[in-house]
Amino acid sequence: MYESIISHVKNYVEASNADIQVLTDKLNEVCVSKHTYLLQPGTHVMHEYFVIKGCLIAYYLDSKGHKHTVQFAIENWWVGDFDAFFNHKPSNLFIETIESSKLFSITYDDLNTLFQEAPIYERYFRLLTTNAFIAQRKRILSALQNDTKTRYLEFCNAYPNIEDRVPNYHIANYLGVSAESLSRIRRKLKG
């Protein structure tokens, strides 16, 4: 049951069997149907989620009601409204399942207890946060510097095979282009 998260942890840190046990004791398995909201704006964020199986989308709506995709989460990715979770404020994000999903959840209190009982996880989450910050910076720079084709190829590299799992309009929204523009680029790449 815990194989995927154990493997993920061990890709980043050398966790002992005791460290792994401390983590697995704090995780709760959550199964959710397709098109279920794990989080909506204005709600108190109780959990962060690790994706065992499935695909989720995190997005916000601007003041005009336009959707802005922040993240997709697929197997072995963490997802949540990290700002709201760590700063104890209401969420600004929607997090919705695109596919039926199986997740592990952890609460804020359990995460802090985890850091105390097995300090190796502070390093694990620091490495994840650093990687996420770098990826976000690359995404911003790419949006400023690169054409849509290049950004789409970078997206495919970051999320392998996701284009078969996610509707075209979600990917286009993530890239900041129209669905029609993305369809043209995909046709050219296949042709």
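Reading guide: rules and limits
- Residues numbered from 1 in each chain as written.
- Predicted model: local features only at pLDDT ≥ 70, side-chain atom pairs only at ≥ 80, totals over all residues.
- Heavy atoms only, no water.
- 1 Å grid on protein atoms, 1.4 Å probe; cavity = no way out; pocket = protein on both sides within 12 Å on 5 of 7 lines; lining within 4 Å.
- Points joined across faces, edges and corners; volume = space filled by probe spheres on them.
- Helix = DSSP H or I, 4+ residues; strand = E, 2+ residues; numbered from the N terminus.
- Nonpolar A, V, L, I, M, F, W, Y, C, P; charged D, E, K, R; others polar.
- Salt bridge = Lys/Arg side-chain N within 4 Å of Asp/Glu carboxyl O.
- Buried < 20%, exposed > 50% of the residue type's maximum accessible area, 1.4 Å probe, protein only.
- Phe/Tyr/Trp six-rings, centres within 6.5 Å; stacked < 30°, edge-to-face > 60°.
- Lys NZ or Arg CZ within 6 Å of the ring centre and 35° of its normal.
- Pairing = 2+ DSSP bridges.
- Contact = heavy atoms within 4.5 Å.
- Polar contact = N/O pair within 3.5 Å; in protein donor to acceptor, adjacent residues only side chain to side chain.

Draft legend 1. Looking closely at the layout of surface pockets. There is about 1,800 Å³ of room inside the largest pocket. The wall of the largest pocket is formed by 46 residues, among which Gln71, Ala132, Phe133, Ala135 and Gln136 lie closest to the centre. Those elements that provide at least two residues to the lining of the largest pocket are α1 (3-12), β4 (56-61), β5 (67-73), α3 (82-87), α4 (108-117), α5 (120-145), α6 (148-158) and α7 (168-175). Per-element tally for the lining of the largest pocket: the top contributor is α5, with 16 residues. Here the residues of the lining of the largest pocket are counted per class, giving 24 nonpolar, 14 polar and 8 charged.

Draft legend 2. Quick peek at the pattern of salt bridges. Counting across every chain of the model gives 5 salt bridges. As a salt-bridge pair, lysine 26 and glutamate 117 come within 3.0 Å of each other at their nearest N and O atoms. Taken together, the positions of lysine 26 in helix α2 (residues 17-26) and glutamate 117 in helix α4 put the pair 91 residues apart, joining distant regions of the chain. Judged by its relative accessible area of 11%, lysine 26 falls in the buried class. Classification of glutamate 117 as partly exposed rests on a relative accessible area of 46%. Across the pair glutamate 99 and arginine 165 runs a salt bridge whose closest N-O atoms are separated by 2.8 Å. One end of the pair, glutamate 99, is in the loop between β7 (94-97) and β8 (101-107); the other, arginine 165, is in the loop between α6 and α7, and 66 residues separate them in sequence. Among the residues examined, glutamate 99 registers a relative accessible area of 22% and is labelled partly exposed.

Draft legend 3. View of the packing of aromatic side chains. A complete count under the given rule lists 19 aromatic pairs for this structure. Between phenylalanine 72 and phenylalanine 155, the aromatic rings sit 5.8 Å apart at their centres with planes inclined by 70°, giving edge-to-face as the arrangement. Highlighted residues: phenylalanine 72 in strand β5 and phenylalanine 155 in helix α6, separated in sequence by 83 residues. In this structure, phenylalanine 72 and phenylalanine 155 share a single accessibility class: buried. Look at tyrosine 121 and tyrosine 124: their rings are 6.2 Å apart centre to centre, the planes differ by 90°, and that puts the pair in the edge-to-face class. Of this pair, tyrosine 121 and tyrosine 124 are both found in helix α5, 3 residues apart, which corresponds to roughly one turn of the helix. With respect to class, tyrosine 121 is no different from tyrosine 124; both count as buried. Sitting over the ring of tyrosine 59, lysine 67 keeps its end group 4.2 Å from the ring centre. The aromatic ring of tyrosine 174 is capped on one face by arginine 139, whose charged end is 3.6 Å from the ring centroid.

Draft legend 4. Layout of the sheet that holds strand β6 (residues 78-79). Taken together, 4 strands build an open sheet; the order of strands is β1-β8-β3-β6 and the sheet is antiparallel. Each end of this open sheet is capped by a strand with a single partner; those strands are β1 (28-32) and β6. Here strand β3 (residues 47-53) runs beside β6; their pairing, made up of 2 bridges, is antiparallel. Residue pairing across strands places tyrosine 49 opposite valine 79, the latter belonging to β6.

Draft legend 5. Layout of the environment of glutamate 75. Relative to the assigned elements, glutamate 75 resides in the loop between β5 and β6. Considered as a pair, glutamate 75 and glutamate 163 are 88 residues apart in the sequence and their alpha carbons are 14 Å apart. In this structure glutamate 75 touches Val51, Ile52, Lys53, Gly54 and Arg165, once residues within four positions along its chain are discounted. At 2.9 Å, the side chain of glutamate 75 and the side chain of arginine 165 are in polar contact.

Draft legend 6. Representation of the pairing of β5. Across 6 bridges, β4 lies against β5 in antiparallel orientation. Bridging across to β5, tyrosine 59 finds its partner in threonine 69. Taking the residues between adjacent antiparallel strands as the criterion, β4 and β5 are bridged by 5 residues, where glycine 65 takes a positive phi near 85°.

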